[in-house]
Amino acid sequence: MKKILNSLVISTIVMSLVFIVIGIIFLSEPGISLLMISYIIAGLLIIGGIYLMATGYKKVMGITLFDGFTPGIISLVLGVVVLCKPLTLIVLIPIIIGLWFVINSTFKVKISFNMKEAKITIWWVVLVFAIMGIICGVLMILNPVIGALTVMEVVGILMIVYSSIDIIEIMLFKRNIDKLEKVFK
């Protein structure tokens, strides 16, 4: 169990550091970041759509089914739309990242209550940070259209803040892993 919890700690720190780097890039080069993300996603959708269409045929009991063909067409069309109108994706980026923050912070709320149950006195710090993460995520979801460059700068700042909070939380978690291990069993 301790091995699993330690791998959770390491993966959380790595993901948080990646988000900090991305946040710094978003903050320093918001216009280029938006455009590049849109084109990368468009390319992935197009490639994924072509792949699904090409490999989407399956033979089941002698009948040819098209289980990947329709999703392939949808992916291809979405990729072409994003490629032609990359600004439409710009509004979705803060919403997607905000959702990630809310979901991840909700998990941290649960961890804080596990820490409280384990009689760890600093459980409330993790709870406060998790609530701050939820607030950051909700702000990103509710304000995606305040301007493309401003959004990327705000997203960059929020990613840096959220990821820094995430690292602090996971270090608090790691410090008390022995006590928490009893709760998770």
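Cut-offs used in this document
- Residues numbered from 1 in each chain as written.
- Predicted model: local features only at pLDDT ≥ 70, side-chain atom pairs only at ≥ 80, totals over all residues.
- Heavy atoms only, no water.
- Helix = DSSP H or I, 4+ residues; strand = E, 2+ residues; numbered from the N terminus.
- Buried < 20%, exposed > 50% of the residue type's maximum accessible area, 1.4 Å probe, protein only.
- Contact = heavy atoms within 4.5 Å.
- Expected span 1.5 Å × (residues − 1).
- Bend = angle between axes of the 7 residues up to and from the residue.
- Axes fitted to C-alpha atoms, helices over the stretch in contact; angles between N-to-C directions.
- Parallel < 35°, antiparallel > 145°, perpendicular 65-115°, else oblique.
- Nonpolar A, V, L, I, M, F, W, Y, C, P; charged D, E, K, R; others polar.
- Arc of directions from axis to C-beta.
- Patch = residues over 30% accessible without salt bridge, like charges linked within 9 Å, V, L, I, M, F, W, Y side chains within 5 Å.
- Areas by Shrake-Rupley, 256 points an atom, 1.4 Å probe, with all protein chains shown as cover.
- Salt bridge = Lys/Arg side-chain N within 4 Å of Asp/Glu carboxyl O.

Caption draft 1: Molecular detail of the overall build of the protein chain. Check the secondary structure of the protein chain and you find 7 helices and 2 strands. The N-to-C order of helical and strand elements in the protein chain reads α-α-β-β-α-α-α-α-α. Within the protein chain, the fraction of its 185 residues that count as buried is 37%. Within the protein chain, contacts between residues separated by at least 24 positions form 76% of all contacts whose residues are at least 6 apart in sequence.

Caption draft 2: Expanded view of helix 4 (residues 86-117). The end-to-end C-alpha distance of helix 4 is 48 Å, a good match for the 46 Å that 32 residues give at a rise of 1.5 Å each. Along helix 4, the sharpest change in direction is near 30° and occurs at L92; proline P94 comes one to four residues later. Phi for K119, located one or two positions after helix 4, is positive at around 65°.

Caption draft 3: Representation of the environment of S33. Of note, S33 is situated in helix 2 (residues 30-55). Expressed as a C-alpha distance, the spacing of S33 and L149, which sit 116 residues apart in the sequence, is 9.2 Å. When near neighbours in sequence (up to four residues on either side) are disregarded, S33 contacts I25, F26 and M152.

Caption draft 4: Structural detail: the packing of helix 2 against helix 4. Helix 4 packs onto helix 2 with a crossing angle of 100° between their chain directions and a minimal axis gap of 9 Å. Judged by the angle between their axes, helix 2 and helix 4 are roughly perpendicular. Every residue of helix 4 that contacts helix 2 at L34, L35, I37, S38, Y39 and I41 is listed here: P86, L89, I90 and I93. Counted by class, the contact of helix 2 with helix 4 contains 9 nonpolar, 1 polar and no charged residues.

Caption draft 5: Highlighting helix 3 (residues 69-84). Its 16 residues place the ends of helix 3 22 Å apart at the C-alpha level, agreeing with the 22 Å of an ideal helix rising 1.5 Å per residue. Listing the buried residues of helix 3 in full gives G72, S75, G79 and V82. Along the axis of helix 3, the buried positions cluster into a sector of 95°, meaning they face one direction only. In this structure, the buried side of helix 3 is in contact with helix 2 and helix 4.

Caption draft 6: Highlighting a nonpolar patch on the surface. A cluster of nonpolar side chains, namely I32, M36, I40 and L44, defines an oily patch on the protein surface of about 410 Å² accessible area. Looking at the element boundaries, L44 is found in helix 2.

Caption draft 7: Examining the pattern of salt bridges more closely. Inspection of the entire model under this criterion finds 2 salt bridges. Linking K108 and D166 is a salt bridge whose minimum nitrogen-to-oxygen distance equals 2.1 Å. Of the two residues, K108 is situated in helix 4 and D166 in helix 6 (residues 148-175); the sequence distance between them amounts to 58 residues. You can call K108 buried: its relative accessible area is 5%.

Caption draft 8: How the structure looks around the packing of helix 1 (residues 2-28) against helix 2. Axis separation between helix 1 and helix 2 bottoms out at 5 Å; the angle between their running directions is 115°. Note on element contacts: helix 2 touches helix 1 through P30, S33 and I37, opposite I25, F26, L27 and S28. Here the contact of helix 1 with helix 2 is composed, by residue class, of 5 nonpolar, 2 polar and no charged.

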